[in-house]
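Observations on the three-dimensional arrangement
What follows is the residue order along each chain.
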Amino acid sequence: MGYKLVCLDCQKAFNLESDFVERAKQSEKCPECGQVAIRYLHRFRPPKKSDDKAWEVVRFLYENGFAYHRHITNADRSGYEKYPETMREAREFVERMKFQNPL
Ligand SMILES: [Zn+2]
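Report follows, based on the coordinates. In this text, all values refer to a predicted model and were calculated from it rather than measured experimentally. (Residues numbered from 1 in each chain as written. Predicted model: local features only at pLDDT ≥ 70, side-chain atom pairs only at ≥ 80, totals over all residues. Heavy atoms only, no water.)

1. A closer look at the pattern of salt bridges
One pass over the structure, following the stated rule, counts two salt bridges. Salt-bridge contacts for Glu32 lead to Lys12; the nearest nitrogen and oxygen are separated by 2.7 Å. Residue Glu32 is located in the loop between helix H1 (20–25) and strand E3 (38–41), and its partner Lys12 is located in strand E2 (residues 12–15); the two are separated by 20 residues in the primary sequence. In this structure Lys12 comes out as partly exposed when scored by relative accessible area, which is 26%. Residues Glu28 and Arg39 are paired through a salt bridge, measuring 2.4 Å at the closest nitrogen-oxygen approach. Of this pair, Glu28 sits in the loop between H1 and E3 while Arg39 sits in strand E3, placing them eleven residues apart in sequence. (Salt bridge = Lys/Arg side-chain N within 4 Å of Asp/Glu carboxyl O. Helix = DSSP H or I, 4+ residues; strand = E, 2+ residues; numbered from the N terminus. Buried < 20%, exposed > 50% of the residue type's maximum accessible area, 1.4 Å probe, protein only.)

2. Describing the coordination of the zinc ion
Within the protein, the atoms that donate to the zinc ion are Cys7 (SG), Cys10 (SG), Cys30 (SG) and Cys33 (SG), at distances of 2.2 to 2.3 Å. Classification of the site at the zinc ion rests on its four donor atoms, whose angles at the metal span 107 to 112°, yielding the label tetrahedral. Along the chain, the residues that donate to the zinc ion are spaced as C-x2-C-x19-C-x2-C. Note that Cys7 is positioned in strand E1 (residues 3–7) and Cys33 in the loop between H1 and E3, a separation of 26 residues in sequence. Overall, Cys33 belongs to the partly exposed group, its relative accessible area being 38%. (Donors = N, O, S within 2.8 Å, 3.2 Å for Na, K, Ca; no water. Tetrahedral: all angles 85-135°; square planar, octahedral: opposite > 155°, others 65-115°.)

3. Quick look at the packing of aromatic side chains
The relative placement of two aromatic rings is captured by the distance of their centres and the angle of their planes. Tallied over the full model, the rule gives two aromatic pairs. Relative to Trp55, the ring of Phe44 lies with its centre 6.5 Å away and its plane at 70°, an arrangement referred to as edge-to-face. Here the residue Phe44 occupies a position in the loop between E3 and helix H2 (52–63), and Trp55 occupies one in helix H2, the gap between them amounting to eleven residues. Directly above the aromatic system of Tyr3 lies the positively charged group of Arg39, at a separation of 5.6 Å from the ring centroid. Positioned over the ring face of Phe60 is Arg91, at 5.9 Å from the centre of the ring. (Phe/Tyr/Trp six-rings, centres within 6.5 Å; stacked < 30°, edge-to-face > 60°. Lys NZ or Arg CZ within 6 Å of the ring centre and 35° of its normal.)

4. Some thoughts on the nonpolar core
Within soluble globular proteins, side chains that are nonpolar tend to cluster in buried spots. Counting ten residues, the largest nonpolar core is built from Val57, Phe60, Leu61, Phe66, Tyr83, Met87, Ala90, Phe93, Val94 and Met97. Of all the secondary-structure elements, those providing two or more residues to this core are H2 and helix H3 (87–100). Sorting elements by how many residues they give to this core places H3 first, with five residues. With residues near it in sequence (within four places) discarded, Ala90 still touches Val57, Phe60, Leu61 and Pro84. (Core = buried A, V, L, I, M, F, W, Y, C linked by side-chain atoms within 4.5 Å. Contact = heavy atoms within 4.5 Å.)

5. Quick look at unusual backbone geometry
Notably, Gln11 is not glycine yet its phi reads approximately 55°, a positive angle. In this fold, Gln11 is placed in the loop between E1 and E2. For Gln11, a relative accessible area of 11% puts it in the buried group.

Keep in mind that these numbers describe shape and distance, not what the molecule does.
Listed below in structure tokens is the structure:
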């Protein structure tokens, strides 16, 4: 399973080398702006750079402790909770998850 480095400022995701040694050499900084970026599982599908609303959701979830690497399994056999796509869904998601995954 690979990782992506996600910069919330640039609204961009960068693929990380899946090879462990190569990965260790890469810093956790955004290659473009040099700010600290966040490591997400490969499953994360970054919104388009211009999709500010979608990135707002990503930021909101991150600030509430729900980065993608903490993605939570749920009861319905799909295995993974559908990740919120709008701010409304995101707020509901955070409310719901508070009980399952206290911060
Ligand atoms: Zn950046």
